[in-house]
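Geometric and topological summary
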Amino acid sequence: MTCLLEAVNVNKVYPFGKNSEQHVLKDVALCIEEGEFISVMGPSGSGKSTLLYNISGMDKMTSGSVFMEGQEISSLHETDLSQLRLTKMGFIFQQNNLLKNLNIFDNIVLSAYMAKKEDRGVIDQRAESLMKLTGITEIADKDITQASGGQLQRAALCRALINNPAILFGDEPTGALNSKAAGEVMDLLASINREGATIMLVTHDAKVAAKTERVVYMLDGCIMDELQLGKYEETSQLKEREETLAAWL
């Protein structure tokens, strides 16, 4: 498979006090292959969210390089990097971050309108298809105060996918959901991955990681180990995958 996004010797250092530093990432190397579904686990402070922010260009690394589709993106000007994130990357977070002054449908299509890559009619049709896929068609014209947490996270997923990103990043995307809603969102992500989407998630939840293809474990800013689980196909596989992951952790 093709390495879609590659991190090479990525370091992130924060000043800590007057005369010391905190090394949050230490020479991290990671290849995310095209079509892969990868999760990153580790204790609080291990650097997993920092890794996501740095390889996606949301934060600036101290040193190292990141390549996406063969292009070094870590050296791009911030304007070009912002455009790349808008058109080539999708993001979902623990909080849905939907805009309160827009209804659900407008929240989903906004970034595609901003990208100006396609006619609005085409964008609207894709939004409708994504809402149908995620089961939230009935709340298209609702305010975000009129939807459940699970529905809002599905809307955030639609928003992340509206520009057909090359890679989807998720930082604890099920962290604010109950177990039923979290399972539904993960099943949607697994289904999207089976259709060819590349996904990287940060999670502390073994039930979430069990539905991904590869699990990377971080500790003290370093990747310590990884576990290959293979594609998640059916719910009947889940218990065995969770047991394998629990034994590995």
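Report follows, based on the coordinates. Position numbers for residues start from 1 in each chain and track the written sequence from start to end. With pLDDT at 70 or above as the cut-off, local features in this predicted model cover only qualifying residues; side-chain atom pairs require 80 or more to be listed or tallied, and sums for whole chains, interfaces and linings still use all residues. Values shown for side chains rest on all heavy atoms present in the structure; no hydrogens or waters enter the calculation.

Quick look at the side chain of asparagine 107 now. Secondary structure is summarised from DSSP: a helix means a run of H or I of at least four residues, a strand means a run of E of at least two, and numbering begins at the N terminus for each. Note on placement: asparagine 107 falls in helix α3 (residues 104–115). As used in this structure description, the phrase polar contact means that two N or O atoms lie within 3.5 Å; if the pair is within protein, one of them must be able to donate a hydrogen and the other to accept it, and residues adjacent in sequence are counted only when both atoms belong to side chains. Reaching out from asparagine 107, the side chain makes a polar contact with the backbone oxygen of leucine 102 at a distance of 3.1 Å. Residues are treated as being in contact if the distance between any of their heavy atoms lies within 4.5 Å. Contact partners of asparagine 107, with chain neighbours within four places excluded, come to Leu98, Leu99, Leu102, Ile144 and Arg159.

Moving on: the pairing of strand β8 (residues 199–202). Burial classes: relative accessible area under 20% of the type maximum marks a residue as buried, over 50% as exposed, and values in between as partly exposed (1.4 Å probe, protein chains only). By the alternation rule, side chains of β8 split into Ile199 and Leu201 and Met200 and Val202, which are all buried. Criterion used throughout: strands pair if DSSP finds at least two bridges between them. Pairing analysis gives 4 bridges linking strand β3 (residues 37–41) to β8, with the strands arranged parallel. Across the sheet, the residue bridging to serine 39 is leucine 201, located in β8. The sheet contact formed by strand β7 (residues 167–171) and β8 spans 4 bridges and is parallel. Within β8, the position partnered with leucine 168 by the bridge is isoleucine 199. Here is how to tell: hold the view so the strands point away, follow the path from the first strand over the helix to the second, and if it runs clockwise the crossover is right-handed. Taking the sense of rotation as the criterion, the β-α-β connection linking β7, helix α6 (residues 179–194) and β8 turns out right-handed.

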